[in-house]
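Listed below, chain by chain, are the residues.
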Amino acid sequence: MDDRRFPFLDGVAGALVDGSGTIVGCTSAVEDLLALPARALVGRPLRDLLADPDGWRSPDDSGAGWDGTVTVRTGDGRPLNLDVRVLTLHGGNPADPAATRQVVLGAKSSTVARWRQDQAFTRELFLQDRFGLAVFDTDLQIVRTNTHLLPYSGVPPTLTGLKLADFLQPEDAVSLEAHLRHVLETGQPLVLAEGLARTVVDPRSGRMMAISAFRLQDHEGAVIGLTVLFTDITEQHRSRQRLALLHRVTAAAGSSLSVTDTAEGLAKALVPALADVAVVDIAAAVFTGDEPAPDPTGRLLLRRTAVAGPPESAPATGDTVLVRADGTPDRGTAAEAAHDWEITAPLAARGIVLGQVTSRRDRWKDRYEEGDRLLLAEIAARAALAVDNARRYTREHRAAVGLQRSLLPPAVRTVAAVSTASVYLPTDSAGGVGGDWFDVIPLSSARVALVVGDVAGHGLQATATMGRLRTAVRTLADLDLEPDELLVHLDDLVSQLLFEGDFTGDAEDIEDPDHAGPVVPADSDRAGRRQRPEPGSVGATCLYAVYDPVTRACTVASAGHPPPAVAARDGTAHFLPVTPGPPLGVGGLPFEATESLLDPGSVLALYTDGLIERGEGDIDEGMAEIQRRLAVVAREDRPLREAAVQLVAGLPPTRLRDDVTLLLARTRAVPAESTAAWSVEPDPAAVAQVRADATARLAAWGLDDLAFTTELVLSELVTNAIRYAGGPVGVRLIRADTLTCEVSDGSSTQPRMRRARLTDEGGRGLYLVAQLTDRWGSRYTSAGKTIWTEQELPSGS
């Protein structure tokens, strides 16, 4: 008998014994088991092989077999325990014992024990209800399953002979079968691979399965199928998804300091992980930085700020909804119609309701569970902190921007020399607004000073420093200093500010109870001379330009600031030649002024670096773009306000990293016939001729109403110049938006108005001049000084 044809008998030995107990035949397994050849066994009494021959049971009359354990002696003398089964075979005459034969089947006791364990393991494995078990053939058809393979809606009660595609969604079946086919082809076990299982009947969220599989082979190594273990990990998967969603929402909502951006980030993060449609409503007061307060009825008005989801099912933004101050929906509104497919959580921080977030699912999907409600509540709590931070930032940002705008001149202004328009765009950075500023300062003799500057840093400190510098510039401009000289004084001021800032930042005042006032550390330079700031501690940049409409000369000096651009009416544009000096605060270095002639109607552009940096772009590219745009608006002769808006349109392509300030000035010219100049001999008798010439010119200009006052002013100023300065003396009248009278001499002594006593014979001249004119002053010139006065022109002149 060749037992190799029956692999299921592997390890089982069989022998045929006649009625006398003699072995008449055996399988090859007996030879292996007893270490004896078949010729030594056939014809030998079976009892000779037993260690206890008396324990062998003879066949009884009933012919029933029996099971038991016996000990045999092998060919090498070793005892061997065998589990045996004896079957009785009757011959033609059952009453004849000699005709009765027995089939003896035996195997090692250890082998039988292992068989029993395998059977018990297989039986219990298919009875488990904590996981699904399936055996597939090589065609991935189900051969056998336990009763709890997929106890879900839409799974047939009997799966034998089916494929996964017969009851699962096509995409899910394809994904799972790809894993199983890989195991069949490679033999590599699959361990805890995750796959989604949704049935054809119930295509909702389905169940997430952890799949393990191994290949099955017969005794010759041929592949006969595979065994697959399915474990439902839906709850664990959902927990991981909820945690990941919580992290994503926290990052999305906290990535911006804009209330609207925060709400939009929250809504987008919820779709599609938790909702098909997400709606975020924010209280209107939050957008202005204020804390929401309920109305007298205890309700709060919310503005629909962000919506995410399909456009056909998402409500429009901008709508309003009423909620109670505790965040619950107001009765009688659509918010009351909450159901298992919609959940809402209030956005509350520090006990104040700032809004609410609503999550909705399509009706054909799974209902929201308690875990989803708790998740949305946690998301809302974290998002509320981000919304509150954005609200507080909005309040501070608005205050800083309001402060800075209050320190800047009007956006549109017209003076004798230029008409101006400006644009100021504050930064969106977390550091707050910057220290950009600009100014238009009327000077004497119809001139104007155009200023633009940038203080390093952001926030209220930069804004306050900007206000100090702007005040300083206006004060220095009132002295009619040349641009380069003014920057020298301004540089010294910034150096002082930097020194004071470094000192207060590095050394703290320590109160000594036995000493009046703070104690100065020993290494402090407070009592000594002021040290020069470090080279890297740049305080600010500034560009100061003076335009004279009489001579059409524009004198510019720069302290580390980009050069101004100018465009003529024909559309040609270029940058004015400027010799840039060091930034303000470096100290000890000179500044240089350059002069250019501008045609009437030219558009002059002064700006800060935020305009030319253009987000992430190159500064040279930004300057080229400004030059191109300026040429276009000049050629089209647009109003300055429109031109300024067009110049900053689309700048920068991303959020502002720095303030953007732009000042446009369209130049004017005072015609030659609107000026008159005379040279006066240093003789008191010449004063009468000056009065006569001035009266004649005023008559020609139609300003007879100002003749008397002008005669008195010129008489006083020319007389003083002749008496105290000598010659030569120059007189000039300028008719612009005011009547300007100038008297120039070679003395560098500034006049000073004082109150004369009753017994004084002089000292009343400048007092009379101040009383008769609207404004007066004095400025140094390269040849001496010039005293000027201004009188308002009569109506209609």
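Residues numbered from 1 in each chain as written. Predicted model: local features only at pLDDT ≥ 70, side-chain atom pairs only at ≥ 80, totals over all residues. Heavy atoms only, no water.

A. Expanded view of the sheet that holds strand β29 (residues 660–667). Strands sit in the order β16-β17-β29-β28-β24-β25 across an open sheet of six strands; the sheet is antiparallel. If you trace the sheet from one side to the other, it starts and ends with β16 (412–414) and β25 (573–575), each paired once. Neighbour to neighbour, the strand axes of the sheet diverge by 20 degrees on average, direction disregarded. Taken together, the three bridges between β16 and strand β17 (residues 418–425) define a ladder with antiparallel strand orientation. (Pairing = 2+ DSSP bridges. Helix = DSSP H or I, 4+ residues; strand = E, 2+ residues; numbered from the N terminus. Axes fitted to C-alpha atoms, helices over the stretch in contact; angles between N-to-C directions.)

B. Layout of the pairing of strand β33 (residues 775–781). Two strands pair when backbone bridges link them, and β33 and strand β34 (residues 784–792) are joined in this way by seven bridges, in the antiparallel orientation. Bridged to Thr781 within β34 is Gly784.

C. Spatial organisation of the pattern of salt bridges. In this structure the tally under the stated criterion is 32 salt bridges. A salt bridge links Arg391 to Glu291, with the shortest nitrogen-to-oxygen separation between them at 4.0 Å. Note that Arg391 is positioned in helix α7 (residues 370–406) and Glu291 in the loop between β11 (277–283) and β12 (299–308), a separation of 100 residues in sequence. For Glu291, a relative accessible area of 41% puts it in the partly exposed group. The residue Asp439 makes a salt bridge to Arg470 at a minimum N-O spacing of 3.0 Å. (Salt bridge = Lys/Arg side-chain N within 4 Å of Asp/Glu carboxyl O. Buried < 20%, exposed > 50% of the residue type's maximum accessible area, 1.4 Å probe, protein only.)

D. Structural detail: the packing of helix α5 (residues 234–253) against helix α6 (residues 259–270). As a packed pair, α5 and α6 sit with axes 8 Å apart at the nearest point and diverge in direction by 160 degrees. Comparing their axes, α6 and α5 come out roughly antiparallel. When the axes of α5 and α6 are compared, the crossing they make is right-handed. In contact with Leu245, Val249, Ala252 and Ala253 of α5, α6 contributes Thr262, Gly265, Leu266, Ala269 and Leu270. A class-by-class count of the residues in the contact of α5 with α6 yields seven nonpolar, two polar and no charged. (Parallel < 35°, antiparallel > 145°, perpendicular 65-115°, else oblique. Left-handed = near helix turned anticlockwise from the far one by under 90°. Contact = heavy atoms within 4.5 Å. Nonpolar A, V, L, I, M, F, W, Y, C, P; charged D, E, K, R; others polar.)

E. Broad picture of the environment of Ser359. Position of Ser359 relative to the elements: it lies in strand β15 (residues 352–360). Overall, the relative accessible area of 0% leaves Ser359 in the buried class. Each C-alpha atom, one on Ser359 and one on Asp372, is 9.9 Å from the other, the two residues being 13 residues apart in sequence. Discounting chain neighbours no more than four positions away, the residues touching Ser359 are Leu274, Ala275, Val277, Trp341, Glu342, Ile343, Tyr368 and Leu376. A polar atom in the side chain of Ser359 sits 3.4 Å from the backbone oxygen of Leu274. (Polar contact = N/O pair within 3.5 Å; in protein donor to acceptor, adjacent residues only side chain to side chain.)

F. Up close: the side chain of Thr555. Along the chain, the position of Thr555 falls in strand β23 (residues 553–559). Other than its neighbours up to four places away in sequence, Thr555 contacts Pro483, Tyr544, Ala545, Val546, Ala593, Thr594 and Glu595.

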